[in-house]
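Given next are the chains, with one letter for each unit.
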Amino acid sequence: MQSKTSSFNRGMWIQSMRNVGWIGLVYLLVLLFALPLQLIFTFTGKVEPYIEKPDTLFDVFGGLEFVLMFVVPVLLGIFLFRYIQTKIAADYIHSLPIKRSTLFHQNMLLGALVLVVPILITGIVTFAVKGVLTVENVYTTGDVLSWVGYSILINLFVLTGTVLAGMFTGMSVLQGIFLYVLFLLPGGISYLAISNVKFYWYGYAYDYYVNKNVDSLIPFLHVAKLAAHKSFSTSVFVYIGLIVLFYIVALITYQKRRVEAATLTISVGWLKPVFVYGVTACSLMLGGFYFISMKGEFSWMVVGYIIGSLIGYTVAQIILNKTWRIFTKWKGYLGFVIAAAIVGFIIHLDMFGYSTKVPAVSEIESVYFDEDIYRLTDKPENYAKGMNGYYETPYYYTSKETIKSVRQLQKQITASKDKKMDPEKQSEIEGSNGKIAVFAYKLKNGKQIVREYFIPFSDYKAFYKEIAETKEYKENFHPLLRTQNTDKIKSVSFSVPGKSNSINITNPEKVQELIHVVKQSMMNETFDEMYSTKESWASINFMDGKGQYVQEASWEKSYSEVEAWLKKEHLYERARLMPKDVEKTEVFKNSSHLKNDYRLQEDFTSLTKDEKSIKVKNNQQVETLLQRANLRDTGDYLVAFYYKDQVDTPQVYMLNENELPNELKEKLK
């Protein structure tokens, strides 16, 4: 009986309930509005045919519940322990004959109830609403349980995090700020560090490390991905572990916290230098990254470091001391600058040889070589909705021949690192058919080495040719070639730019014939054809019986077997653009050396007013221009096609001197 009395104080419970009970009531009303009421509005009575069923209940009101998850528990955590942040209230409450542990447990229990009860009520109402909807199977009982489970989990995670942050400060405003900093800090520091290192080490796989590490360290992003799954993942146990950890650390800190800590910026002595130098380090990295991103030179990066760190140190000292008179603190900044310079110098030295590292053939088990680095971090669950086609694991070459060729290419690239690190050279590469080259080696010891480069393709053509001529490379270059089970492909459609009516082939025999013909064309492709920048005739989409993409390919102009098959089936003219599909064709000399980007497409009509241009009306000449239309970044002439089905926006391509018919060149002189 004695134990029960000492662990619960009715008076404090009622007082706390008066302080925070309104939060629970408002939360309940907002949740009822955002979920069951929206479901009734959307899926009862006459439902519009374009309305799609939500994938999860978190999608019903455009993510409002995610916002609430990171706002409501924060407010609640601040109000629950508001008394420790004001001197008078702290003195009064802590003078009462109530143990701090009792106050803590009681407040946390009340906070959990204020969050959990509205979620449970909303879950029950949502389950009941299911019976009155006029559309069947909008959601299942499992969807409701998943929504309730994730909502409770994340709300408790944010609540315990807020309370923990409050124990280290004596100001309620800073409690909220510290909470968001606590959540952003791991991901933010990782992102800033990765963003800075990429300017030191040639080939640093910036996108790979950001995609692999940073998103999962930022709760705001991770929770959205987590809740998108209908089943519980292992991440749930991580959040449960963090809730328990936050709870225990907050309890211990509260028991040791001095009452005088109220109104202090930082309530714990050892945390003060961590706060000051943490803010300074983050500001340093942010300043350096910002300045080099704006100016592209290493000297500007150093200027950014100095300005960023100085601002960060000053702001941190002002917040900590609550005064702008901090001029006596300069020794601390000087010490930081010396330490940062040493760290920067060590990174610059690249003591572990990151920039020049190329593993030996004997160490390599397989290698991924492509232009797309995102496939290395892509996950099957991103394709769970069936909207983006089938997930394909990244392809790793295993033959000794291909591995040697790929490794030789990377070795050549690293040998010229000084030239390619020059920002001005990077701009030149961009303007001369630059190509991204990604290498990911799986080593026999279980480790993986990933590098990413932006290189001028013309400098490495010989190395690419050696790789591209292997059978294994062709199968990777064209995923259709390694699709063994083509029986699941039930239809093939041609999507043609400028034509609104694409053709769709569904006859099973014809579908298999076409797949065979496309594969044949791919295998016969030469290296120059594989890397040609000529515009393709059409996109070929291979679909399954449910209309999902199994594979995609391009009908390249070099695919003579495909062309012959389409002609035999009397589909040729429907599967590509013909001169009769073009309303107007215009050509002018690229005397201003314009680049072919989205701005050129938008500004083309106004550009023709200032330049000498000609309109091509001869169908044979239009056919020649369609055959030669090139996607390269720049060229001697520009040709614009105004398609009849898309007459407002011209499609602009580049042509070199030898690609434009002589009779047109004469007219442009």
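Keep in mind it's a predicted model, so treat the numbers as computed, not measured. (Residues numbered from 1 in each chain as written. Predicted model: local features only at pLDDT ≥ 70, side-chain atom pairs only at ≥ 80, totals over all residues. Heavy atoms only, no water.)

A. Seen up close, the overall build of the protein. Counting its secondary structure elements, the protein contains 26 helices and eleven strands. Taken over the C-alpha atoms alone, the protein extends approximately 100 × 70 × 60 Å along its principal axes. Burial status across the protein gives 47% buried among its 669 residues. Partitioning the contacts of the protein with sequence separation of at least 6, the portion at a separation of at least 24 is 74%. With the model as given, the accessible surface of the protein reaches about 34300 Å², and the carbon-plus-sulfur share is 59%. One finds the centroid of the 72 positive side-chain charges in the protein at a distance of 10 Å from the centroid of its 64 negative side-chain charges. (Helix = DSSP H or I, 4+ residues; strand = E, 2+ residues; numbered from the N terminus. Buried < 20%, exposed > 50% of the residue type's maximum accessible area, 1.4 Å probe, protein only. Contact = heavy atoms within 4.5 Å. Areas by Shrake-Rupley, 256 points an atom, 1.4 Å probe, with all protein chains shown as cover. Lys, Arg positive; Asp, Glu negative; His and termini not counted. Charge placed at Lys NZ, Arg CZ, Asp CG, Glu CD.)

B. Geometry of the sheet that holds strand β2 (residues 434-443). The antiparallel open sheet is built from three strands, whose spatial order is β1-β2-β3. Each edge of the sheet is formed by a strand with only one pairing partner; in this case those strands are β1 (364-370) and β3 (448-456). Looking at each pair of strands side by side, their axes are set apart by 15 degrees on average, direction ignored. In this sheet, β2 lies alongside β1 in antiparallel orientation, the contact comprising six bridges. Note on β2: the bridge partner recorded for Val367 is Tyr441. (Pairing = 2+ DSSP bridges. Axes fitted to C-alpha atoms, helices over the stretch in contact; angles between N-to-C directions.)

C. Focus on the domain arrangement of the protein. Domain parsing of the protein yields domain 1 (10-171 + 215-260), domain 2 (361-473), domain 3 (478-574) and domain 4 (579-668). Taking only C-alpha atoms, the centre of domain 1 and the centre of domain 3 are 51 Å apart. (Domains from an automatic or database assignment.)

D. Spotlight on the environment of Thr280. With respect to the helices and strands, Thr280 occurs in helix α12 (residues 271-295). On the basis of relative accessibility, which here comes to 0%, the residue Thr280 falls in the buried class. Separated by 378 residues in the primary sequence, Thr280 and Asn658 have C-alpha atoms spaced 58 Å apart. Setting aside its immediate chain neighbours within four residues, Thr280 contacts Ser309, Gly312, Tyr313 and Phe336.

E. Layout of the UniProt feature "domain: DUF6449" (unreviewed entry) in the protein. Cross-referencing UniProt, the feature "domain: DUF6449" (unreviewed entry) maps to residues 441-564 in the present numbering. With 33% helix and 27% strand, the stretch residues 441-564 has end C-alpha atoms that lie 41 Å from each other. (UniProt positions renumbered as here; feature names shortened; annotations may be inferred.)

F. A look at the pattern of salt bridges. In this structure the tally under the stated criterion is 14 salt bridges. Put simply, Arg576 and Glu623 hold a salt bridge, and the shortest N to O gap is 2.8 Å. Placement of the pair is Arg576 in the loop between α23 (572-575) and β8 (582-589) and Glu623 in helix α25 (residues 619-628), with a sequence separation of 47 residues. The buried category is assigned to Arg576, whose relative accessible area is 1%. (Salt bridge = Lys/Arg side-chain N within 4 Å of Asp/Glu carboxyl O.)

G. Region of the structure containing the environment of Gly203. The residue Gly203 is located in the loop between α8 (172-197) and α9 (206-217) in this model. Considering only alpha carbons, one finds Gly203 and Tyr396, 193 residues apart in sequence, at a separation of 19 Å. Those residues in contact with Gly203 that sit more than four places away from it in its chain are Tyr354, Val450, Arg451, Glu452 and Tyr453.

H. Layout of the confidence of the model for the protein. In the predicted model, the protein carries a mean pLDDT of 85, and 93% of its residues have values of at least 70. The weakest mean pLDDT in the protein belongs to helix α1 (residues 2-6) at 47; the strongest belongs to helix α6 (residues 100-129) at 94. For residues 1-5, every residue scores under 50 in pLDDT, and the model assigns this stretch zero contacts once sequence neighbours within four places are set aside. (pLDDT = per-residue confidence, 0-100.)

I. Structural context of the pairing of strand β4 (residues 491-495). Counting buried positions along β4 yields four of five residues, so the element is predominantly enclosed. As defined by bridge partners, β4 adjoins strand β6 (residues 538-543) across five bridges and the pair is classed as antiparallel. What sits directly across from Val492, in β6, is Phe542. By the bridge criterion, three bridges tie β4 to strand β5 (residues 503-505) in an arrangement that is antiparallel.

J. Region of the structure containing the packing of aromatic side chains. The full count for this structure, using the stated rule, is 49 aromatic pairs. Summarising the aromatic geometry, the rings of Phe81 and Tyr254 are spaced 6.0 Å apart at their centres and angled 80 degrees between planes, so their arrangement reads as edge-to-face. Here Phe81, found in the loop between α4 (72-80) and α5 (87-95), pairs with Tyr254, found in helix α11 (residues 235-256); they are 173 residues apart in sequence, far enough to count as distant. Across the pair, Tyr254 and Phe81 agree in class, each one buried. Pairing Tyr277 with Phe336 gives two aromatic rings, centres 6.2 Å apart and planes at 10 degrees, and the pair type is stacked. Taken together, the residues span a long stretch of sequence, with Tyr277 in helix α12 and Phe336 in helix α14 (residues 330-349) at a distance of 59 residues. The class of Tyr277 is partly exposed, set by a relative accessible area of 32%. (Phe/Tyr/Trp six-rings, centres within 6.5 Å; stacked < 30°, edge-to-face > 60°.)

K. Molecular detail of the side chain of Glu475. Mapped onto the elements of the fold, Glu475 is located in helix α19 (residues 471-477). At 2.6 Å, the side chain of Glu475 forms a polar contact with the side chain of Lys471. Residues contacting Glu475, with those up to four places away along its chain left out, are Tyr395, Leu481 and Arg482. (Polar contact = N/O pair within 3.5 Å; in protein donor to acceptor, adjacent residues only side chain to side chain.)

L. Region of the structure containing the environment of Thr414. Here Thr414 lies in helix α15 (residues 400-415). Discounting residues that sit within four places of it in the chain, Thr414 has contacts with Tyr202, Ser355, Thr356, Val358 and Tyr453. Within the structure, Thr414 has its side chain in polar contact with the backbone oxygen of Lys411 (distance 2.8 Å).

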